[in-house]
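One-letter residues, chain by chain:
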Amino acid sequence: MERAFVWILRVTVALLTLAGGAAGLVYYFASRSLPDYDATWKLDGLSAPVEIVRDNANVPHIFGENDEDVFFGLGLAHAQDRLWQMTLLRRTAQGRLSELFGARSVRTDEFMRRLGLYRAANDSVEALDARSRAMLDAYAAGVNAWIGTVNAEALGRGAPEFFLFSPEISPWRPADSLAIAKVMALELSTQMQNEILRASAALVLPPERLADILPDVPGEAILDAPDYGALFPDRPRFAAAPDWPDDPLHPVKPPARAGASNAWAAAAERSAAGAPLVANDPHLELTAPTIWYLARLELASGGVIGATIPGLPMVLAGRSERLGWGLTSAYADDQDLHIEELDPADPQRYRTPDGWRPFRTERSIIRVRDADPVTITLRWTENGPVLPGSHFGLGGITPPGHVASLAWTALSHEDRSFQAMLELMEAGSIDEAVEAGRLHVAPAVNMILADQDGIALQVMGALPARDPEHFGKGRLPSLGWQEENRWMGILPYERNPALRDPTGGIVGNTNNKTSNRPFPEHVSYLWGDTQRIQRWRRLMAEREVHTRESFIAAQLDTVSFTARSLLPLIARDLWYGGEAAPTGTPERQRQKALEMLANWNGEMNEHLPEPLIYAAWMRQLQHKLIVDDLGPLEEAFTHPDPIFLERVFRDIDGASAWCDIRQSTAQETCSDTARIALDEALLWIGETYGSALESLRWGDAHPALHDHTVLGDTPILKWFVNIHQSTSGGDQTLQRATTVGTGPHPFSNVQGAGYRGVYDFADPDASVFVTATGQSGHPLSRHYDDLGGLWRRGEYIPMTLDPDLARAGAVGITRLEPR
């Protein structure tokens, strides 16, 4: 027995020693790619020395003798901290993810190849002026210099992920940066998804009920509602839920998770310090690391500081000494789906206004890791690339003998959006910034601008010119061979909505409606917000003058205007009604929940139970209202729509018809349905989080999931690469924290303000900003998540253009010298 024990002990020690040695080797090789921020490198591609000062938050402040060298330094800094992220974005644009990830990403690659974003980006390089191309060339040289240094110095392949996947990195090219911009445009664009959803719903609902479930933003009346089913009367009146991608590698998101943002500015007369203020917080998918990267560039025109995206050499939101800018998605109707008829005698041809014409075709081979290559045939019509019916449920709305094509402004091969942003970064006034926006194509954005003399909002981006007789008016797929459904070019830039120096002294946007113009100059029928704007307007009106602190408080505000509006409407017949129910019964649980909600102020605070009760109730209520009418299509409506619920409970245009469950013999009222939905929501809460309502905590159901895009589901590794935090806010709060809407944890926070910034022109160095994780993409770096705690607590770091402040406490100074 003693001898067996000795051998067991020896084996255990040996195994532990081997495990420890293996862990040590893994750490050694992974840590080799941690950059030395105090190094000096002699590199090709520089004309003069460059200095990269990393402040105490690891934000690089890049100084050089000319702009090309500064952009070279930015390329090197991006590559030092985010090389894996950059190459992943590039592969997404190229449709080459499957070379690394196998069959998992074949559908993503197929879709991206069919769109042809990378080809459009490659052609767009030649459309830029010489200066813009020079900056892109310099940036690419900086990226390639770091890749060369990694190879020459054996610096751990540049990122630990390259030990798990192919370490081959092709040289960076200017087109790669433009392609990443187009990928971001795709992530922000949801007009295509909404056309698919609306067409699917139109197949199962009459027009008056379609207007309920997919309502227009209240305002100008929409007098006509085209019937998509009438285009194809033989089409079955049935629709399944579109199969939106659930792979984080896919840039197309479900409609409910479209990118969003808040941005606003106060003129000098509405600022306590007598100088303009700007606030901006763009909302995108939460990832680890975040998509945003903070940087300062010292250009010939002056210093510029703010948020960049690795791979994209531009400050998308930030400030200079003379100008501040923030952006929100304009939700412009810049995508149209067309249904193209195939020639029955030759399916390689499609119908046009001038007769049958052959598709433009090209074969493309997708190389797949650990599998045979996949060969696809790409097809284009005059309207745009052909999309297969197997994607996004397109087959459900496309009749036999037809295919769908996509028209989209971002497919332009003469896209000068980079040149526009470069000129905006160098602009010294609002006038110069607005003029720079003339060149911007996609994504369309609402640019909030401020200089010492005023404030402005300018929609920047290409808006399609459509025929007034267009069938779907940009809301539904239309017949591609009818001339009136085809684009007639781009509207003049002067027709883009704009606002300069409003009388109230404050301008802002929360993705809300920016234009009441009728079609075809409508900008959009789809807007990203009807709720946050109400809360924002109240916060702005509560103070005669604003400060940096009041702008920060507004960014972090978690009061739900939606909850305050809907609860009195939906619960009006349930509150304080009936006799007290016995303890332990469902009726008693409902009464307790209603009492708590009646005394709640609508604050979606992570420590409160009421937000969870409210959110679960509204989710279950919408489900009960629509499931019997929509059938399988109900799965596409993952988030409660406050306008829909208001229409139903106010019985607008007969919308209360949704309350009656068609499959039952009883005639249910809206109060009946609301009561049953609350009971079912409380039952779900009890099974998931416990039945003690006072002990519930919204943050337990609503953690922010900053997951690694590739390794986020990998056993063991996910504990090192994912960042999860309890958070406040919700789908409709200014501190937007969009829930996933599906699965066993539907309230997990998966989209939010990955970047926040507030710029104070009275004291520019008092400006502040922060990102959701950290500057580094390396899980072993202390800068991988060091900003995450600040972000969660609503804290910021200094946003200074003072070189001395940047050097104070710097974590390192990298010096680049010409070889």
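Above this text sits the structure in question.
This one's a predicted model, so the numbers in the text were calculated from it and none came from an experiment. (Residues numbered from 1 in each chain as written. Predicted model: local features only at pLDDT ≥ 70, side-chain atom pairs only at ≥ 80, totals over all residues. Heavy atoms only, no water.)

### Focus: the overall build of the chain
Then, in step 1: If you tally the helices and strands in the chain, you get 23 helices and 29 strands.
Then, in step 2: The C-alpha atoms of the chain give a radius of gyration of 27 Å, which matches the 28 Å a tight globule of 819 residues would have.
Then, in step 3: Dimensions of the chain along its principal axes, counting C-alpha atoms only, are 85 × 80 × 70 Å.
Then, in step 4: Each of the 819 residues in the chain was classed as buried or not, and the buried ones make up 61%.
Then, in step 5: Of the roughly 31300 Å² of accessible surface on the chain, a fraction of 53% belongs to carbon and sulfur atoms.
Then, in step 6: Mean positive and mean negative side-chain charge positions of the chain (74 and 107 charges, respectively) differ by 3 Å. (Helix = DSSP H or I, 4+ residues; strand = E, 2+ residues; numbered from the N terminus. Rg over C-alpha atoms; globule rule 2.2 N^0.38 Å. Buried < 20%, exposed > 50% of the residue type's maximum accessible area, 1.4 Å probe, protein only. Areas by Shrake-Rupley, 256 points an atom, 1.4 Å probe, with all protein chains shown as cover. Lys, Arg positive; Asp, Glu negative; His and termini not counted. Charge placed at Lys NZ, Arg CZ, Asp CG, Glu CD.)

### A look at the pattern of salt bridges
Then, in step 1: Going through the model one piece at a time under the given rule, you end up with 46 salt bridges.
Then, in step 2: Asp336 serves as the salt-bridge partner of Arg466, at 3.0 Å between the closest nitrogen and oxygen. Of this pair, Arg466 sits in the loop between β18 (454–460) and β19 (478–479) while Asp336 sits in strand β10 (residues 335–343); the two residues are 130 residues apart in sequence, bridging distant segments of the chain. Side by side, Arg466 and Asp336 carry an identical accessibility label, which is buried.
Then, in step 3: For Glu680, the salt bridge is made with Lys624, and the minimal N-O distance between the two is 3.5 Å. One end of the pair, Glu680, is in helix α19 (residues 670–689); the other, Lys624, is in helix α17 (residues 610–630), with 56 residues separating them in the sequence.
Then, in step 4: Among the residues examined, Lys624 registers a relative accessible area of 17% and is labelled buried. (Salt bridge = Lys/Arg side-chain N within 4 Å of Asp/Glu carboxyl O.)

### Regarding a nonpolar patch on the surface
Then, in step 1: A surface patch of nonpolar side chains, amounting to about 680 Å² of accessible area, comprises Phe163, Leu164, Ile716, Leu717, Trp719 and Phe720.
Then, in step 2: Tracing the chain through its elements places Leu164 in the loop between α6 (130–153) and α7 (174–188).
Then, in step 3: Leu164 gets classed as partly exposed once you look at its relative accessible area, which sits at 42%. (Patch = residues over 30% accessible without salt bridge, like charges linked within 9 Å, V, L, I, M, F, W, Y side chains within 5 Å.)

### Let's talk about the side chain of Ser124
Then, in step 1: On the secondary structure map, Ser124 appears in helix α5 (residues 117–125).
Then, in step 2: Looking at Ser124, its side chain comes within polar contact range of the main-chain oxygen of Ala120, at 2.8 Å.
Then, in step 3: A polar contact is formed between the side chain of Ser124 and the backbone nitrogen of Asp415, at a distance of 3.1 Å.
Then, in step 4: Sequence-distant contacts of Ser124, that is, excluding residues within four places in its chain, are made with Leu178, Lys182, Ser412, His413, Glu414 and Asp415. (Polar contact = N/O pair within 3.5 Å; in protein donor to acceptor, adjacent residues only side chain to side chain. Contact = heavy atoms within 4.5 Å.)

### Here's the deal with the packing of α17 against α19
Then, in step 1: As a packed pair, α17 and α19 sit with axes 8 Å apart at the nearest point and diverge in direction by 125 degrees. Judged by the angle between their axes, α17 and α19 are oblique. As for how α17 packs across α19, the hand of that crossing is right-handed. Taken together, the residues of α19 that come into contact with α17 (itself represented by Leu612, Ile613, Ala616, Trp617, Gln620, Leu621, Lys624 and Leu625) are Thr673, Ala674, Ile676, Ala677, Leu678, Glu680, Ala681, Leu682, Trp684, Ile685 and Tyr689.
Then, in step 2: When grouped by side-chain class, the residues that make up the contact of α17 with α19 number 15 nonpolar, two polar and two charged. (Axes fitted to C-alpha atoms, helices over the stretch in contact; angles between N-to-C directions. Parallel < 35°, antiparallel > 145°, perpendicular 65-115°, else oblique. Left-handed = near helix turned anticlockwise from the far one by under 90°. Nonpolar A, V, L, I, M, F, W, Y, C, P; charged D, E, K, R; others polar.)

### Looking at the pairing of strand β26 (residues 755–760)
Then, in step 1: Burial of β26 is extensive: six of the six residues sit out of reach of the surface.
Then, in step 2: A two-sided burial pattern is seen for β26, the buried positions comprising Tyr755, Gly757 and Tyr759 on one face and Arg756, Val758 and Asp760 on the other.
Then, in step 3: Sheet topology note: the strand β5 (residues 277–285)/β26 ladder contains four bridges and is antiparallel. From the neighbouring strand, Val278 faces β26, where its bridge partner is Tyr759.
Then, in step 4: Where β26 lies against strand β27 (residues 768–771), four bridges are found, and the strand directions are antiparallel. Bridge pairing in β27 links Gly757 to Phe769. (Pairing = 2+ DSSP bridges.)

### Quick notes on the state of the cysteines
Then, in step 1: In this structure the tally under the stated criterion is one disulfide.
Then, in step 2: With a sulfur-sulfur separation of 2.0 Å, Cys659 is cross-linked through a disulfide to Cys670. Disulfide Cys659-Cys670: torsion about the S-S bond near 90 degrees, hence right-handed. Residue Cys659 is found in the loop between α18 (642–649) and α19, and its partner Cys670 is found in helix α19; the two are separated by 11 residues along the sequence.
Then, in step 3: Judged by its relative accessible area of 1%, Cys659 is buried. (Disulfide = S-S within 2.5 Å.)

### Overview of the packing of aromatic side chains
Then, in step 1: Per the counting criterion, the structure on display carries 17 aromatic pairs.
Then, in step 2: One aromatic cluster is present, built from ring pairs that chain together Trp84, Phe101, Phe162 and Phe165.
Then, in step 3: Above the plane of the ring of Phe101 lies Arg104, whose end atom (NZ or CZ) is 5.9 Å from the centre.
Then, in step 4: If you follow Arg807 out to its NZ or CZ, it ends over the ring of Phe63, 5.8 Å from the centre. (Phe/Tyr/Trp six-rings, centres within 6.5 Å; stacked < 30°, edge-to-face > 60°. Lys NZ or Arg CZ within 6 Å of the ring centre and 35° of its normal.)

### Some details on unusual backbone geometry
Then, in step 1: Residue Pro289 follows Ala288 across a cis peptide bond; omega there is -5 degrees.
Then, in step 2: Looking at where Pro289 falls in the secondary structure, it is placed in the loop between β5 and β6 (293–299).
Then, in step 3: Each neighbour pair has its own omega, and for Ala442 with Pro443 the value is 0 degrees, a cis peptide bond.
Then, in step 4: Within the secondary structure, Pro443 sits in the loop between α12 (430–436) and β17 (445–451).
Then, in step 5: Look at Asn511: it is not a glycine, yet its phi comes out positive at around 75 degrees.
Then, in step 6: With respect to the helices and strands, Asn511 occurs in the loop between β21 (506–509) and α13 (532–541).
Then, in step 7: Relative accessible area serves as the criterion here: at 0%, Asn511 is assigned to the buried category.
Then, in step 8: Here Asp653, not a glycine, exhibits a phi torsion of approximately 55 degrees, which is positive.
Then, in step 9: Considering the arrangement of structural elements, one finds Asp653 in the loop between α18 and α19.
Then, in step 10: Look at Asp653 and you get exposed, because its relative accessible area is 61%.

### Considerations on the packing of helix α16 (residues 586–598) against α19
Then, in step 1: At their nearest, the axes of α16 and α19 sit 10 Å apart, and the two run at 100 degrees to each other. Classified by the angle their axes make, α16 and α19 are roughly perpendicular. For the pair α16 and α19, the contacting residues are Pro586, Gln589, Arg590, Ala593 and Leu594 in the first and Arg675, Leu678, Asp679 and Leu682 in the second.
Then, in step 2: Of the residues contributing to the contact of α16 with α19, the split by class is five nonpolar, one polar and three charged.

Treat this as a map of the structure, not an account of what it does.
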